[in-house]
Amino acid sequence: MAELTNKVDFDFDFDFDPVTAKAVAGSQEVSCVVDEKSGDIVLSFESCQINEGSKFIWKKDYKEITDFSKGVVIKSEGTHSKLIFKNPDKEDFGTYSVSVTNTEGVSSSYTISNEELVKMLALSYDIRHPVIPLKSELAYKILERGRMRFWLQAEEISSNVTYKFFANNKELSGADPNKMGHDVATGIIEFIMDHFTEENEGTYTCQITDGGGKAQSSLVLIGNAFKAALAEADFQRREYIRVKEGPHFSEFLSLQIGDDCSVTLVCKVANLKKESVFHWFREDTEIIPDVKPDLGSGVCKLPIKEFSMKTAGIYKATISDDRGKDMSQINISGKVFDDAINKLSQLAGASAAELVINCTATGIQLQCHMKYYTLEMNITWYNGLNSPTVTRL
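Residues numbered from 1 in each chain as written. Predicted model: local features only at pLDDT ≥ 70, side-chain atom pairs only at ≥ 80, totals over all residues. Heavy atoms only, no water.

## Structural notes on the environment of E29
Then, in step 1: With respect to the helices and strands, the residue E29 is situated in the segment before β1 (31-34).
Then, in step 2: With relative accessibility at 61%, the residue E29 sits in the exposed group.
Then, in step 3: Put simply, E29 and S47 are 18 residues apart on the chain and 9.1 Å apart in space, counted from C-alpha to C-alpha.
Then, in step 4: Not counting chain neighbours up to four residues away, the residues in contact with E29 comprise S44, F45, S108 and S109.
Then, in step 5: Of the polar contacts made by the side chain of E29, one reaches the side chain of S108; its length is 3.2 Å. (Helix = DSSP H or I, 4+ residues; strand = E, 2+ residues; numbered from the N terminus. Buried < 20%, exposed > 50% of the residue type's maximum accessible area, 1.4 Å probe, protein only. Contact = heavy atoms within 4.5 Å. Polar contact = N/O pair within 3.5 Å; in protein donor to acceptor, adjacent residues only side chain to side chain.)

## Regarding the sheet that holds strand β13 (residues 179-183)
Then, in step 1: Taken in spatial order, the four strands of this open sheet run β9-β10-β14-β13, and their pairing is antiparallel. Across the chains shown, the open sheet's two edge strands, defined by having one partner strand only, are β9 (134-142) and β13. Ignoring strand direction, the axes of neighbouring strands in this sheet form an average angle of 10 degrees.
Then, in step 2: When β13 meets strand β14 (residues 188-193), the two strands line up antiparallel, connected through five bridges. Bridge pairing in β14 places K179 opposite I192.
Then, in step 3: In the packing of helix α2 (residues 223-245) onto the sheet, the strands contacted are β9 and β10 (148-154), and the crossing angle to β9 comes to about 55 degrees. (Pairing = 2+ DSSP bridges. Axes fitted to C-alpha atoms, helices over the stretch in contact; angles between N-to-C directions.)

## A look at the nonpolar core
A general tendency of soluble globular proteins is for nonpolar side chains to be buried together.
Then, in step 1: Residues F150, F165, I189, F196, Y204 and I208 are the most contacted members of the largest nonpolar core, which totals 27 residues.
Then, in step 2: Counting only elements with at least two residues in this core, the list comes to β9, β10, β11 (162-167), β14, β15 (202-210), β16 (213-221) and α2.
Then, in step 3: Setting aside its immediate chain neighbours within four residues, F150 contacts L138, A139, Y140, F165, I189, E190, F191, M193, F196, Y204, L219 and L221.
Then, in step 4: Counting residues in each nonpolar core, the second largest holds 24 residues, with L302, Y315, I332 and A340 among its members. (Core = buried A, V, L, I, M, F, W, Y, C linked by side-chain atoms within 4.5 Å.)

## Focus: the sheet that holds β11
Within a sheet, each strand pairs with its neighbour through backbone hydrogen bonds, oriented either parallel or antiparallel.
Then, in step 1: Read from one edge to the other, the open sheet built from four strands follows the order β12-β11-β15-β16, with strand pairing classed as antiparallel. Looking along the sheet, the strands with just one partner apiece sit at the ends: β12 (170-171) and β16.
Then, in step 2: As judged from the two bridges shared by β11 and β12, these two strands associate in the antiparallel manner. If you follow A167 over to β12, its bridge partner there is K170.

## What to know about the pairing of strand β23 (residues 324-332)
Then, in step 1: Examined bridge by bridge, strand β22 (residues 313-321) and β23 share nine bridges and lie antiparallel to one another. From the neighbouring strand, D321 faces β23, where its bridge partner is G324.
Then, in step 2: Counting the residues between successive antiparallel strands, the hairpin from β22 to β23 contains two residues.

## Some details on helix α1 (residues 114-128)
Then, in step 1: Helix length check: α1 (15 residues) gives 21 Å between terminal C-alpha atoms against 21 Å at 1.5 Å per residue, within 8%.
Then, in step 2: Within α1 the residues assigned to the buried category are L117, M120 and S124. The buried residues of α1 all sit within an arc of 65 degrees when viewed along its axis, so they share a single face. What points out from α1, more than 90 degrees from its buried face, is the exposed set E115 and K119. (Expected span 1.5 Å × (residues − 1). Arc of directions from axis to C-beta.)

## Observations regarding the pairing of β16
Then, in step 1: Burial along β16 is one-sided: G213, A215, S217, L219 and L221 are buried, and none of K214, Q216, S218 and V220, which face the opposite way, are.
Then, in step 2: Here nine bridges tie β15 to β16, and the two strands are oriented antiparallel to one another. Bridge pairing in β16 places C206 opposite S217.

## Remarks on unusual backbone geometry
Trans is the prevailing form of peptide bonds, just as negative phi is the prevailing case for residues other than glycine.
Then, in step 1: Of note, the bond from D176 into P177 is cis; its omega dihedral lies within 30 degrees of zero at 10 degrees.
Then, in step 2: Checked against the element boundaries, P177 lands in the loop between β12 and β13.
Then, in step 3: Not every positive phi belongs to a glycine, and R145 is a case in point at roughly 70 degrees.
Then, in step 4: One can find R145 in the loop between β9 and β10.
Then, in step 5: In this structure, C261 takes a positive phi of about 70 degrees despite not being glycine.
Then, in step 6: Checked against the element boundaries, C261 lands in the loop between β17 (248-257) and β18 (263-270).

This is how it looks when you write it as structure tokens:
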């Protein structure tokens, strides 16, 4: 049997003209920016050619963009076309191209890398959520009557600024008796809480909106910080009631030493009426002075005769009537007592007369007369140039 073979010979002889890639004259590249006002990411293209019936065809990864449900918008006018991302997100990276129909192949492309997209998304967010700069963060100040003022200061605010204050994520009301307000000239925004109590421990926050800008600042008042604020508020509340609504001490008890070595407790009372009553006490035992307090002038004095350790202790003064009662107290011991003795020693020493020598049955005595003397004073005697000898008399 003969071997069969299939063989076909082709002889090609094609004559091709060389093809050279040519750029369309006047063509431009696609640009990509983040709009400074809107925060939109915008791809822009300007065609060097445009003819009747020409259209801009935008594609992503070589597929025509037809889904506009996610905020993608195409705007074309004249020789310009834009691909706008109203709601850009992390999935928008890729290669975008645009071609113009009915032209000599006008087209261009732009690749948005993942790294570039991350940067543009951050910039877009900052533009859409501008931060209002603050001169000072949220702070507090305790006012008269123990009211609490929460405040902060912005670099600049407009008359259209709005703001909210929160305590532990619960919005605070600015209705009476509380108060809320701002000052455009200074940028200060404040909330005044009428009554600050143990229930107000926590975190305070102020949220500000002004145009497209926002700011937020918080203040934490818990633990020791809260206790200190509450104590000051309580003190200011009591002070207001004490001073404004009833008899009170306008000057609290103090110890005065006269040039004649007299020792006197002095205080001053105010907001009195005819029925107001004043009392002196030492260690809770009432003292009946020889001279009644001068409530007409408001200045009350209690002389302490023969001032010494025997007269030390806690002294009190009270003023009261049907509107209320106030009390002042001073502890004459420790440093207060020592300072008084030192002052008396200086005055007494300055008043000392010349030494006098007296001869007695027991020997020679040196005597010196002074305005005042008590056993608590230290007396130092000198014998010629020898070291001083300390003697208690």
